[in-house]
Amino acid sequence: MLKYKLYVFFSFLTLLCLISFSQAKTVKEPLYQKTIFLDAGHGGPDSGALYRNIYEKDINLSIVKKLEQALKKKGAQVFLTRDGDYDLSVPYTVNRKRSDLSRRSNMINRSQCDLYISIHLNADTSTTYHGAQVFYDSKVKQNKKIAEIIQSDLKQYLYTTRDAKQKNDMYLFHRLEKPGVLVEIGYITNPNDRYLLLQNEYQEKVANILTNSIIRYFYKK
């Protein structure tokens with residue numbers, strides 16, 4: 001009888017500990033039970049924008065991997081459309097770019113994600129254009145809110161003067177049914193932006209800004 005009572009007592013204590021741990025995890029990790037899909041733009045033969053031997057695809061992936069780790073530390077479950085230097089196109093397809101974008105959108109749409117973030121860099125023939133900017137498609141109503149929150153934080157912490165911009169003619173993003181945005185982190189063609197984008201510390205700063213923006217999105221009424 002005593003053994004049975006001790007068993008019941010310790011089972012009760014274990015249950016209490018598990019409940020306390022679950023509650024503590026929820027409090028400590030604001031993105032607990034949130035699923036986020038990260039898309040590193042371009043990849044493989046598609047370098048994206050470039051400057052000499054500096055490729056957009058590489059910087060995109062580096063930032064995405066840092067963002068993945070930052071989000072996981074806050075409790076999120078994170079998926080990537082790519083985790084290496086490759087695209088998602090079907091081999092030997094006629095329109096490789098469209099195939100790549102279609103498969104990215106299919107991955108995200110078929111997932112149970114709460115949000116997606118696509119990371120890109122901008123480029124222009126003029127070297128004077130600079131700064132980070134968020135683009136969103138109006139197909140999903142939450143997209144504007146996400147874009148405005150992220151752009152507000154980019155203005156505050158990266159000192160960009162740009163505004164979030166609605167853009168409904170992007171093939172990938174008009175196909176997506178989940179909430180999310182495209183973030184152009186900076187201009188690879190601008191010397192100052194390019195220098196910053198190549199720095200690990202700056203990439204980590206961007207990842208932390210985006211993580212905090214995502215948290216604000218989920219909790220802002």
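Refer to the structure above for everything that follows.
Throughout, a residue's number is its position along its own chain's written sequence, starting from 1. Selection of residues for local features in this predicted model requires a pLDDT of at least 70, selection of side-chain atom pairs for listing and counting requires 80 or more, and totals for whole chains, interfaces and linings are taken over all residues. In computing side-chain values, all of the structure's heavy atoms are included and hydrogens and water are not.

Would you explain the overall build of the protein in this entry?
Strands here are runs of E lasting at least two residues and helices are runs of H or I lasting at least four, both read from the DSSP assignment and numbered beginning at the N terminus. On a plain count of helices and strands, the protein comes out with seven helices and eight strands. Only protein chains enter the accessibility calculation, which uses a 1.4 Å probe; a residue whose area is less than 20% of its type maximum is buried, one above 50% is exposed, and one in between is partly exposed. Of all 221 residues assigned to the protein, the portion counted as buried reaches 49%. We call two residues in contact whenever any of their non-hydrogen atoms come within 4.5 Å of each other. By sequence separation, contacts in the protein at least 24 residues apart represent 78% of the contacts at least 6 residues apart. Surface exposure of the protein reaches about 12500 Å², of which carbon and sulfur atoms provide 54%. For the area figures, the Shrake-Rupley method with a 1.4 Å probe applies, and any residue is considered shielded solely by the protein chains shown.

Explanation requested: the sheet that holds strand E4 (residues 77-80) in the structure shown.
Strand pairing in a sheet is mediated by backbone hydrogen bonds. Such pairs are either parallel or antiparallel. Spatially, the six strands line up as an open sheet ordered E4-E1-E5-E8-E6-E7, and their pairing is mixed. Two strands bound the open sheet, and with one partner strand each, they are E4 and strand E7 (165-166). A pair of strands is labelled paired if DSSP reports no fewer than 2 bridges between them. Here strand E6 (residues 133-136) pairs with strand E8 (residues 180-187) via three bridges, running antiparallel. Bridge pairing in E8 links Phe135 to Leu182. Against the sheet, helix H2 (residues 56-73) engages strand E1 (35-40), E4, strand E5 (115-122) and E8, with an angle of about 165° to E1. Each axis is a line fitted through C-alpha atoms, taken for helices only over the stretch in contact, and angles between the N-to-C directions span 0 to 180 degrees.

Sorry if this is basic, but what is going on with the nonpolar core here?
Burial of nonpolar side chains together is a common tendency in soluble globular proteins. Joining through side-chain atoms within 4.5 Å is the link that ties buried Ala, Val, Leu, Ile, Met, Phe, Trp, Tyr and Cys residues into a set, and such a set is a nonpolar core. Counting 42 residues, the largest nonpolar core has Leu38, Leu71, Ile117, Ile150, Val181, Val183 and Ile185 as its most contacted members. Those elements that provide at least two residues to this core are E1, H2, E4, E5, E6, helix H4 (142-158), E8 and helix H7 (200-219). Considering each element in turn, this core owes the most residues, nine residues, to H7. When near neighbours in sequence (up to four residues on either side) are disregarded, Ile185 contacts Ile63, Ile119, His120, Leu121, Gly131, Ala132, Leu197, Val206 and Leu210. Counting 11 residues, the second-largest nonpolar core is a separate cluster that includes Leu101, Tyr116, Leu172 and Phe173.

Just checking my understanding: could you explain the packing of H4 against H7 for this structure?
Two quantities define a packed helix pair, namely the angle between the axes and the distance from one axis to the other. For the pair H4 and H7, the least separation of the axes is 9 Å and the interaxial angle reads 140°. When the axis of H4 is compared with that of H7, the two are oblique. The handedness of the crossing between H4 and H7 comes out as right-handed. Across from Gln142, Lys145, Ile146, Ile149, Ile150, Ser152, Asp153, Leu154, Tyr157 and Leu158 in H4, the residues of H7 making contact are Tyr202, Lys205, Val206, Ile209, Leu210, Asn212, Ser213, Arg216 and Tyr217. Residues are grouped as follows: Ala, Val, Leu, Ile, Met, Phe, Trp, Tyr, Cys and Pro are nonpolar; Asp, Glu, Lys and Arg are charged; all remaining types, including Gly, are polar. When grouped by side-chain class, the residues that make up the contact of H4 with H7 number 11 nonpolar, four polar and four charged. For this classification, under 35 degrees means roughly parallel, over 145 means roughly antiparallel, 65 to 115 means roughly perpendicular, and everything else is oblique. Left-handed describes a crossing whose near helix is turned anticlockwise from the far helix by less than a right angle; the clockwise case is right-handed.

It is not clear to me how the packing of aromatic side chains should be interpreted in this structure. Could you clarify?
Whether two aromatic rings pair depends on their centres lying within 6.5 Å, for rings of Phe, Tyr and Trp, where Trp uses its six-membered ring; planes under 30 degrees apart make the pair stacked, over 60 edge-to-face, and the rest tilted. Scanning the entire structure with this criterion turns up four aromatic pairs. Consider the rings of Tyr116 and Phe173, whose centres lie 6.1 Å apart with planes at 20°: the pair is stacked. In this pair, Tyr116 sits in strand E5 while Phe173 sits in helix H5 (residues 171-175), placing the two residues 57 residues apart along the sequence. Look at Phe173 and you get buried, because its relative accessible area is 6%. Ring centres of Tyr129 and Tyr187 lie 6.3 Å apart, and the angle between their planes is 25°; on these two criteria the pair is classed as stacked. Of this pair, Tyr129 sits in the loop between E5 and E6 while Tyr187 sits in strand E8, placing them 58 residues apart in sequence. Exposure remark for Tyr129: the relative accessible area of 41% places this residue in the partly exposed category. Residue classification places Tyr187 among the buried residues on the basis of a relative accessible area of 7%. Only when the NZ atom of a Lys or the CZ atom of an Arg is both within 6 Å of the ring centre and within 35 degrees of the ring normal do we say a charge sits over the ring. Across the ring face of Tyr55, the terminal group of Lys57 is positioned such that the distance to the ring centre comes to 5.7 Å. Taking the ring centre of Tyr51 as reference, the NZ or CZ of Arg194 above it sits at 3.5 Å.

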